[in-house]
Amino acid sequence: MNVQAAPLIEIRDAALSYGNGTVALESVNLSVGQHEFLGLVGPSGCGKSTLLRLIAGLMAPSAGRVSTVSDRSGDAPEIGFVFQEPTLMPWARVFDNVHLPLRLKGLPVAEARSRVEQALEMVGLADFRRAYPRELSGGMKMRVSIARALVTRPTLLLMDEPFAALDDMTRHRLNDDLLKLWSEQRWTVVFVTHSIYEAVYLSSRVAVMAASPGRIVADLHIDSPYPRDQEYRLSAAYGAHCRVVTSALAQAGTSDV
Amino acid sequence: MSDATATTRSRHRLAADLAVPLLIALLALGAWEAIVRWRDVPAYILPAPSLIARTLVTDWGTLWPAWLITLKVTALALLASIVGGVGLAFLFTLSRWIERSLFPFAIILQVTPIIAIAPLILIYAPNTLSALLLCAWIVAFFPVLSNTVTGLRSADRNLQDLFTLYGATRWQRLRLLLAPSALPYFLAGLRIAGGLSLIGAVIAEFTAGTAGQESGLAWRILEASFRLNVARMFAALTLISVTGIAIFVALNILTRKLLGHWHESQLPEHR
Ligand SMILES: Nc1ncnc2c1ncn2[C@@H]1O[C@H](COP(=O)(O)OP(=O)(O)OP(=O)(O)O)[C@@H](O)[C@H]1O
Ligand SMILES: [Mg+2]
């Protein structure tokens, strides 16, 4: 990982309280470099989704600073966001759902069409372009939602427990697909999950969060080389990483009692 | 289950949906006819269905123009409900401030019995037709308005965020997200408004009474009742019912057409 490059995400002392007084995040510090794969784990309700929404710019921090800068131009990076639920428009076909971001950005139809086809190809759903969301399985809907996030060719991919609702087999396959795409496209990824194993399998770095108030309590490098495959799952290094993250999480859990 | 059997099955269901009520209606009409003949009930108390049918034919010359007027008022009121209800709903979603200042008046219009307002409207409206229209509109527009407002508000939050993320314009958000999300709600409101616009038209005609040559079916009923022409009352009533049923069926077909491919309410029970 090229950690020397300017960070893509820079969060300084960020806090966020909701209107009802809930302090969801307090003094969060985090910087994520170009092409990193950051796993974000923590107990339910610790503010993972909130942090992701801050990074995406969907909310402003109540204190502190959150900035995202892409390397070349200094502009805000193109963001792809995958929600915890598929979040598809039920009235639109798969093609139109994936087409949506390009349509909103006003891309010419001809170019958009080929990009949508490409994105559908990537997630293996090219044959379902004319289907409605209700005709798809849960995993397929999730893949449509991933295709929609990829179609704008983002430099920053934010994923909120995208595979949480899937069975292990499907999840493992999608994990591998995601890693392959990541290594080809060199995105920066922030990946929220509540599965330690998933985080360690995917990430180059894992940030561990604690709850009430939400904060980052550990920042762990997962230095096993890519490409990773099922062999990695069985390796001693994988087991060791899992143990480290587990104990960090356990400490996070007890520290606020 | 293959597509073919699915179609056959839904066709069977449709046939059953139609056949059973039809059968019951026929039985009831038959019993009615039988009782009237048996007991020799005079026509000015209870006319037999056959007499009502004959009256429909013989009085067609008076009933048909009256029916046209009622149809016209109903259709225009429904149209105005759609335009007014949806237009106001869009305004309300554009600004909470507009909603706060106007919504109470919509509610006042809705809760005040139209029978009580109608005489006033008759005084101030420039002509009978516009008075009838206004009455029917007041009765019918509220469900469209309130349902559309709810619908426009109920767009998925995450989808809203998605539109924000990709820098959607207001117009794009309205057209691509809010309007489709509101459509099922709007149609549910429309189906209520369809029935109400007919009811509104009839009530308005009753209240307007003799006021003019432009009299609809409701006035024909009143007029026939003064003359104890009960058969004609029933004939006019039949036409009103037919109109109501036609509106109901048409709006259901429209709903099916617009929502059939995606909305839960329109999907078969076993998918
Ligand atoms: N819209 C909101 N209004 C008020 N409080 C909120 C809102 N959204 C989240 N919260 C609170 O903020 C805290 C963090 O919520 P968040 O959704 O970020 O947690 P999370 O880590 O994503 O949890 P999970 O793993 O269960 O998805 C929670 O205590 C929650 O109750
Ligand atoms: Mg969450």
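*Asks:* When you look at the interface of chain A and chain B in this model, what are you seeing that I'm missing?
*Replies:* Many descriptions give the size of an interface as the accessible area lost when the pieces come together. Between chain A and chain B, the residue contacts involve 24 residues of the former and 21 residues of the latter. Regarding the contact of chain A and chain B, the summed buried area is about 2100 Å², with carbon and sulfur atoms giving 66% of it. It is Trp91, Leu104 and Arg134 of chain A that lose the most area in chain A upon contact with chain B, and together they represent 36% of the buried surface on that side. Counting every contact that joins chain A to chain B gives 1 salt bridge.

*Asks:* I'm lost on the pairing of strand β2 (residues 23–33) of chain A in this one. Help?
*Replies:* All names here are of chain A. The sheet contact formed by strand β1 (residues 7–17) and β2 spans 7 bridges and is antiparallel. Paired with Ser17 across the strands is Val23, a residue of β2. Following β1, the chain reverses through 5 residues before pairing antiparallel with β2; Gly21 in that reversal takes a positive phi of roughly 95°.

*Asks:* How should the sheet that holds β1 of chain A be read in this particular structure?
*Replies:* The strands making up a sheet associate through hydrogen bonds between their backbones, and the pairing can be parallel or antiparallel. All names here are of chain A. Spatially, the 3 strands line up as an open sheet ordered β2-β1-β4, and their pairing is antiparallel. Pairing within the sheet leaves two strands with one partner each, and these edge strands are β2 and β4 (63–68). The average undirected angle you get between the axes of adjacent strands in this sheet is 15°.

*Asks:* For this particular structure, what's the right way to read the environment of Asp160 of chain A?
*Replies:* Residues and elements named next belong to chain A. Assignment of secondary structure puts Asp160 in strand β6 (residues 156–160). By relative accessible area, Asp160 is classed as buried at 6%. Separated by 76 residues in sequence, Asp160 and Gln84 place their C-alpha atoms 5.0 Å apart. Dropping the residues within four chain positions of it, Asp160 is found in contact with Ser49, Leu52, Val82, Phe83, Gln84 and Val192.

*Asks:* I keep staring at the side chain of Ser215 of chain B and nothing clicks. Help me out?
*Replies:* Looking at where Ser215 of chain B falls in the secondary structure, it is placed in the loop between α8 (170–208) and α9 (217–226). Residue Ser215 of chain B is classed as buried on the basis of its relative accessible area, which comes to 10%.

Scoring rules and cut-offs
Residues numbered from 1 in each chain as written. Chains lettered and ligands numbered in written order. Predicted model: local features only at pLDDT ≥ 70, side-chain atom pairs only at ≥ 80, totals over all residues. Heavy atoms only, no water. Contact = heavy atoms within 4.5 Å. Buried area = accessible area lost by both parts, 1.4 Å probe. Salt bridge = Lys/Arg side-chain N within 4 Å of Asp/Glu carboxyl O. Pairing = 2+ DSSP bridges. Helix = DSSP H or I, 4+ residues; strand = E, 2+ residues; numbered from the N terminus. Axes fitted to C-alpha atoms, helices over the stretch in contact; angles between N-to-C directions. Buried < 20%, exposed > 50% of the residue type's maximum accessible area, 1.4 Å probe, protein only.

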